[in-house]
Structure formats: C-alpha cells, structure tokens
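One letter stands for each residue in the lines below.
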Amino acid sequence: MARYARVVGWGKYLPDKVLTNQELEQLVDTTDDWIFSRTGIKERRIVAADETSSTMAAHASREALELSDLKPESVDLIIVGTCTPDHIFPACAALVQDSLGATKAAAFDINAACSGFIYALATAYQFVAAGTYENALVVGSDVYSRILDWEDRNTCVLFGDGAGAVVVQASGSHPGSLSFVLGNDGSGASTIYTPGPCGVNDGRYYLTMKGPETFKFAVNIVCEATRQAVAAANLELSDIDLIIPHQANTRILKSAAKMLDLPLDKFYMNVERYGNTSAASIPIALCEAIDEGHIKDGDKLVLVGFGGGLSWAAMVIEWGRG
Ligand code: UT7
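Residues numbered from 1 in each chain as written. Predicted model: local features only at pLDDT ≥ 70, side-chain atom pairs only at ≥ 80, totals over all residues. Heavy atoms only, no water.

Considering the pattern of salt bridges
Put simply, the test is: Only one rule defines a salt bridge in this text: a Lys or Arg side-chain nitrogen within 4 Å of an Asp or Glu carboxyl oxygen. In this scheme, a residue with accessible area under 20% of its type's maximum is buried, one over 50% is exposed, and one in between is partly exposed, where area comes from a 1.4 Å probe on protein chains only.
Under the defined criterion, the tally for this structure stands at seven salt bridges. The salt bridge involving Lys296 is made with Asp299; its shortest N-O contact spans 3.0 Å. Asp299 sits in the buried class, given a relative accessible area of 5%. Connected through shared salt-bridge partners, Lys12, Arg273, Glu288 and Glu292 make up one network.

Okay, structure coming up:
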C-alpha cells in the first residue's frame, strides 16, 4: 500500500511585545514611511527577557499537537528549523522535546536560515513517507532580536521574533507533499550572515546583510524554485491555489508575482504585522492563511523560502487532513 505524509495540525507563537516603526524612529535614523514603503512592514514582535527560540517553539508545538489530537509521547521525531538556537548544543529540538514531554522522539535542528522550515518539513516527510516514523513535529522558530545590531538601521527594522509548527502524520491515501526543491549556493555565504563564537571573528555576533544583492537573489529564486517545484509535481502554475512565501519584503513578492505572471493575491502576506521572522515566517503564514479561510481541502499550495546560505526551498502540497 502506498504510504504518504500530510499535515494534520498547526500552531504558532508570537511574543506579546509589539515594536512599531514609530518606536524604531526613536532608536535609529529611520521613518515609518521609509520602512513601510521599502518593505511593507509596520510592526514586529520581540521576545521577553525569559523567552528563546525553544520556548517559542514549544508554545507553537503545543498548539499544533492539540489540534492533531496527538499526545507528546506519540511524537516520533522533532525537527526545528532555526539559526538562533538557545545554545550551540544541545539542539533547540532537544529543549522542545523536554518541554513537551515528547520522550520517545528523536530530536535535531536544521539550520538553513530562512529556508529552514521547508528543509525541515521535507526531511520529516521523507521519514514519515518511508515508514520510519508515524508522527513528526516540524517547527520554525527564530529570535533575530538577539542577533541584530539595534544601531544598524539597514537591518534592525526588518526582522521580528516568532515560531510556527506543524504535525506531519502518515497517511495511506492522502498525497500531502507532491514535490520539493531544496538548494543552496555557498558562494553567496557572505551576502547575509551572522558570525558565531566558533568562527574566526571579532566577537561581534550581529547579522550583516547586503540588502540589494539579497533582494535580487530573492526575487529570482522565488520564481525559479516555484517553477521547478510546480513542474516536479506535474502541475502548471495555473493549478496553484495559494503561494505561502517567506515573508521578508512585499516588494520581493510583488516583483516575483510580476515575473511569474501571477496576480498578487495568489501570495499570502502578513509581513506588515511581524516583519521577517526567518524560519518561522512560513509556518506562521500557513497558520494564519488557514485560520482566515484562505485554504480548503484539495487546494494546491506552494511553500517557498530563501535566505542565508544562500539557501532556497520550495514545496508543493495538496492540502487536506485526509
Ligand atoms: O530573509 C531574507 C533576508 N532578507 C531580505 O530578503 C531583504 C532583501 N533586501 C531588501 O529587502 C532591501 O534591499 C532593503 C529593504 C533591505 C533595502 O531596500 P533598498 O531599496 O534595497 O535600499 P538600499 O539598501 O539601496 O538603501 C537605500 C538608502 C541608503 O541610503 P543612501 O546610501 O542611498 O543615502 C540607505 O542608507 O536607504 C538607506 N536606508 C535607510 N533609510 C532609512 C537603509 N536603511 C534605512 C532605514 N531608514 N531603516
């Protein structure tokens, strides 16, 4: 019998503290108008002093497990996409496992920066569809407020904190993932990066980004990866009901929509409220698109992400809890 994997539960967590563009005007030489017109961002969320990627991931995971009617002890695998883990080791996933009481689960992180959630989802699908595991928890969680230079207006206005999670479960009938494309171009590693304590560096661990280069890469790769994933699923772009892209900048998505010759409303967007939450942005957007009624059973979705690496990832999903 064919064995598939599909998403049966989802959840998200956003810290309570809202940081508006107006508040940023007090921190750096910027304006609400500059930020909104260049990025589409109005506000973002910032963690409290006692919150981390693992605590946010655990919140989002609990919501996803509840919706799936799944006990933590029934989770076989936890993968967290993050590039801002609480520690160098153990993995963020190990802390999530403990927090949930998911005592049976294997646990590891994937660092593919903003593409991390799709990398993690594709990995989980492989384990589940192969019959190795029955239930996998896949999380994207990042706390960029802790790696930003709050005096650098080029970067600090762009990002926010958050987490999103899904439960992937085996299915005998529902196809779930139809295709995925994962890629990386390490020659672009210095385009957007954050040094760490294990490298050769000056001990300043702030995110650095070549904005315009990243922008150009992003527009091209959103189009290319989407086209490739759709073709690999034996579909046409016109078959796609909704694209859930990495939420970095509305201008990136406007340009991609134009290049793909798709109406902008095919792209779900919530960057206005959260900024760029890195690996969390796609699962948070997925949760909100479902909650707002934009996704129904049988819909064909493209998830598409890009970021540090330079990494990219796209996946076509036939939606339905089956
Ligand atoms: O998750 C993936 C990672 N990131 C991305 O996808 C981001 C991709 N890049 C972008 O979204 C855009 O490149 C930015 C939003 C970062 C910048 O927009 P841009 O239109 O490419 O602006 P720019 O970097 O060319 O800068 C234009 C001007 C510069 O001033 P000068 O040199 O022309 O006088 C910047 O110094 O805007 C200035 N600037 C700002 N001004 C006010 C940069 N940041 C700010 C700011 N407020 N916050």
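Some thoughts on unusual backbone geometry
Test applied: Helix and strand definitions follow DSSP, with helices as H or I runs of at least four residues and strands as E runs of at least two, each counted in order from the N terminus.
With an omega of 0°, the peptide bond between Phe89 and Pro90 qualifies as cis. Here Pro90 is to be found in the loop between strand E4 (77-81) and helix H4 (92-100). In this chain, Gly309 is followed by Leu310 through a cis amide linkage whose omega measures -5°. With respect to the element layout, Leu310 can be found in the loop between strand E12 (300-307) and strand E13 (311-318). Located in the positive-phi region is Asn234, a residue other than glycine, with phi close to 60°. With respect to the secondary-structure elements, Asn234 resides in the loop between helix H7 (211-232) and strand E11 (242-245). In this structure, Asp261 is a non-glycine residue whose phi angle is positive, near 55°. Note on placement: Asp261 falls in the loop between helix H8 (250-260) and helix H9 (271-274). On the accessibility criterion, Asp261 (70% relative accessible area) is exposed.

Notes on the packing of aromatic side chains
Here is the rule: Between 30 and 60 degrees the pair is tilted, below 30 it is stacked and above 60 it is edge-to-face, where a pair is any two Phe, Tyr or Trp rings, Trp via its six-membered ring, whose centres lie within 6.5 Å. Think of it as a cone above the ring: NZ of Lys or CZ of Arg counts as a charge over the ring if it is within 6 Å of the ring centre and within 35 degrees of the ring normal.
Scanning the entire structure with this criterion turns up four aromatic pairs. Positioned above the aromatic ring of Phe36 is the side chain of Lys42, whose terminal nitrogen or guanidinium carbon lies 4.7 Å from the ring centre.

Here's the deal with the nonpolar core
As a reminder of what qualifies: Put simply, a nonpolar core is a bunch of buried Ala, Val, Leu, Ile, Met, Phe, Trp, Tyr and Cys residues held in one set by side-chain atoms that sit within 4.5 Å of each other. These domain limits were set by an automatic method or by a database of domain assignments. Any two residues whose heavy atoms approach within 4.5 Å at even a single point are treated as in contact.
Leu121, Val166, Val168, Ile244, Ile295 and Trp319 are the most contacted members of the largest nonpolar core, which totals 37 residues. Of the domains in this structure, domain 1 (4-171) and domain 2 (177-318) are the two that each give at least three residues to this core. The contacts of Val168, once residues within four sequence positions are left out, are Ala5, Arg6, Val7, Leu121, Tyr125, Val128, Glu134, Asn135, Ala136 and Val138. Core analysis: the next-biggest nonpolar cluster, separate from the first, contains 31 residues, Ile192, Cys223, Ile252 and Trp312 among them.

Some details on the side chain of His246
Tracing the backbone through its elements, the reader meets His246 in the loop between E11 and H8. We classify His246 as buried; its relative accessible area is 1%.

A closer look at the side chain of Asn21
The topology assignment puts Asn21 in helix H1 (residues 21-27). Residues in contact with Asn21, not counting those within four places in the same chain, are Asp32, Ile35, Phe36, Ile41, Lys42, Glu43 and Arg44.

What to know about the site of the ligand
The following threshold applies: Residues are labelled near a given molecule or strand when at least one of their non-hydrogen atoms is within 4 Å of it. By the criterion applied in these results, polar contacts are pairs of N or O atoms within 3.5 Å in which, for protein atoms, one can donate a hydrogen and the other can accept it, and in which residues neighboring in sequence qualify only through two side-chain atoms. Under the convention used here, a 1.4 Å probe and the Shrake-Rupley method define accessible areas, while residue burial counts only the protein chains that appear. Throughout, the ten residues Ala, Val, Leu, Ile, Met, Phe, Trp, Tyr, Cys and Pro are labelled nonpolar, Asp, Glu, Lys and Arg are labelled charged, and all others, Gly among them, are labelled polar.
Residues in contact with the ligand amount to 23 residues; listed here are only the nearest, Thr30, Arg38, His246, Asn249 and Asn276. Measuring from a nitrogen atom of the ligand, one finds a side-chain N or O atom of Thr30 at 2.7 Å. Within the side chain of Arg38, an N or O atom sits 2.7 Å from an oxygen atom of the ligand. Coverage of the ligand by the protein amounts to 73% of the 960 Å² it exposes when considered alone. The set of elements that each furnish at least two residues to the shell around the ligand consists of helix H2 (32-39), helix H6 (153-156), H7 and H8. Top contributing element to the shell around the ligand by residue count: H7, with four residues. Among the residues forming the shell around the ligand, the class breakdown is 11 nonpolar, eight polar and four charged. Residue assignment places the shell around the ligand across two domains, with domain 1 (4-171) and domain 2 (177-318) each supplying three or more.

Describing the sheet that holds strand E7 (residues 161-171)
Counted only if it meets this: Strand pairing is assigned whenever DSSP detects at least two bridges linking the two strands. An axis is simply a line fitted to the C-alpha atoms; with a helix, the fit covers only the stretch in contact. Between two such axes, the angle follows the N-to-C directions and lies from 0 to 180 degrees.
The strand order across the open sheet formed by five strands is E1-E7-E6-E4-E5, and the pairing between neighbours is mixed. Of all strands in the sheet, those with a lone pairing partner are strand E1 (4-13) and strand E5 (106-110), marking the two edges. Each neighbouring strand pair of the sheet contributes to a mean axis angle of 20°, computed without reference to strand direction. By the bridge criterion, five bridges tie E4 to strand E6 (residues 135-143) in an arrangement that is parallel. By the bridge assignment, Gly81 is partnered in E6 with Gly140. Of the strands in this sheet, E1, E6 and E7 are in contact with helix H3 (residues 53-68), which crosses E1 at around 125°.

Quick notes on a negative patch on the surface
To keep things clear, this is the line we draw: Like-charged residues are merged into a patch within 9 Å and nonpolar side chains (Val, Leu, Ile, Met, Phe, Trp, Tyr) within 5 Å, provided each residue has over 30% relative accessible area and no salt bridge. Positive charges are assigned to Lys and Arg, negative charges to Asp and Glu, while His and the chain termini are left out of the count. Charged groups are reduced to one reference atom each: NZ for lysine, CZ for arginine, CG for aspartic acid, CD for glutamic acid.
Where like charges cluster on the molecular surface, the negative patch consists of Glu63, Glu66, Asp69 and Asp291. Mapped onto the secondary structure, Glu63 falls in helix H3.

Here's the deal with H2
Worth spelling out the cut-off: Note that the arc is defined by the directions from the helix axis to the C-beta atoms.
Listing the buried residues of H2 in full gives Asp32, Ile35 and Thr39. Within H2, the buried residues cover an arc of 80° as seen down the axis, which keeps them to one side. Residues of H2 that are buried in the fold lie against H1, strand E3 (43-46), H8 and H9. Positive phi appears at Gly40, one or two residues downstream of H2, with a value of about 85°.

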